[in-house]
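# Understanding the architecture of this molecule
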Amino acid sequence: VILPNVQRLAEMQQMVPGLGTPQLKNLGEPIFPDKPVQVGETWRRSVSVMPLGPTMPVTVTTSRTLDSYGDTGPMSLAKISGYSETTFRVNPMTVGPAESQMTVSMPEMKQTLTSTEFFNVVEGRLVRADYISSLTTKVAFAAGLGGEQEAGLEARFSATVQAR
């Protein structure tokens, strides 16, 4: 969560204890493995945290593979393919004043990212990358005697990054 107004962040932290804590840093995806790998090897990581408390558990699972490594013209390139999945849910919570309370939950939210990245090994920098990301979410609302209503969203985008 990035807010230019520090006052707003303080207000949000009062409403949601734990927001902005160092736990959020643990969700970063490791691009490179902790130890040397050979072509074809895969390294994985799975992290679960509750940065907003037990009502919103977040799990990030990543898998990356060194597809190739070698000299290509004037540079040494490493090709790494990856897959990352982030899931979280919001357990049912009641919001609003007593006379018009509503129960809101997010039983499922999943974001996936598939990547192919090329790194200049000598300079230690990204040369080119292709990313495909998708997001799926379901939200449930219940108010008064009206019963539960569900809504959903699916989005997909792709991006190519080329270093100069």
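Now for a quick tour of the structure.

About the criteria used
- Residues numbered from 1 in each chain as written.
- Predicted model: local features only at pLDDT ≥ 70, side-chain atom pairs only at ≥ 80, totals over all residues.
- Heavy atoms only, no water.
- Helix = DSSP H or I, 4+ residues; strand = E, 2+ residues; numbered from the N terminus.
- Buried < 20%, exposed > 50% of the residue type's maximum accessible area, 1.4 Å probe, protein only.
- Contact = heavy atoms within 4.5 Å.
- Salt bridge = Lys/Arg side-chain N within 4 Å of Asp/Glu carboxyl O.
- Patch = residues over 30% accessible without salt bridge, like charges linked within 9 Å, V, L, I, M, F, W, Y side chains within 5 Å.
- Areas by Shrake-Rupley, 256 points an atom, 1.4 Å probe, with all protein chains shown as cover.
- Pairing = 2+ DSSP bridges.

### Focus on the overall build of the protein
When helices and strands are counted, the protein shows 1 helix and 6 strands. Helices and strands appear in the protein in the N-to-C order α-β-β-β-β-β-β. A total of 164 residues make up the protein; the buried ones form 23% of that total. Sequence-distant contacts, at least 24 apart, represent 50% of the contacts inside the protein between residues at least 6 apart.

### Thoughts on the pattern of salt bridges
Summed over all chains, the structure comprises 4 salt bridges. Between arginine 125 and glutamate 123 there is a salt bridge, and its shortest N-O distance comes to 2.6 Å. Residue class for arginine 125 comes out partly exposed when judged on its relative accessible area of 33%. For arginine 128, the salt bridge goes to aspartate 130, with nearest N and O atoms at 2.6 Å. A relative accessible area of 30% means that arginine 128 is categorised as partly exposed.

### Let's talk about a nonpolar patch on the surface
A cluster of nonpolar side chains, namely Met93, Val95, Met102 and Phe141, defines an oily patch on the protein surface of about 290 Å² accessible area. With respect to the helices and strands, methionine 93 occurs in strand E3 (residues 75-95).

### Looking at the pairing of E3
Where E3 meets strand E4 (residues 102-120), 16 bridges bridge the pair, whose relative direction is antiparallel. Note on E4: the bridge partner recorded for threonine 94 is threonine 103. Linking E3 to E4, which pair antiparallel, is a turn of 6 residues; within it glycine 96 sits at a positive phi near 95°.

### Quick look at the pairing of strand E6 (residues 148-162)
Counting buried positions along E6 yields 0 of 15 residues, so the element is predominantly exposed. Pairing of strand E5 (residues 125-143) with E6 involves 15 bridges; the strand directions are antiparallel. By the bridge assignment, tyrosine 131 is partnered in E6 with alanine 159.

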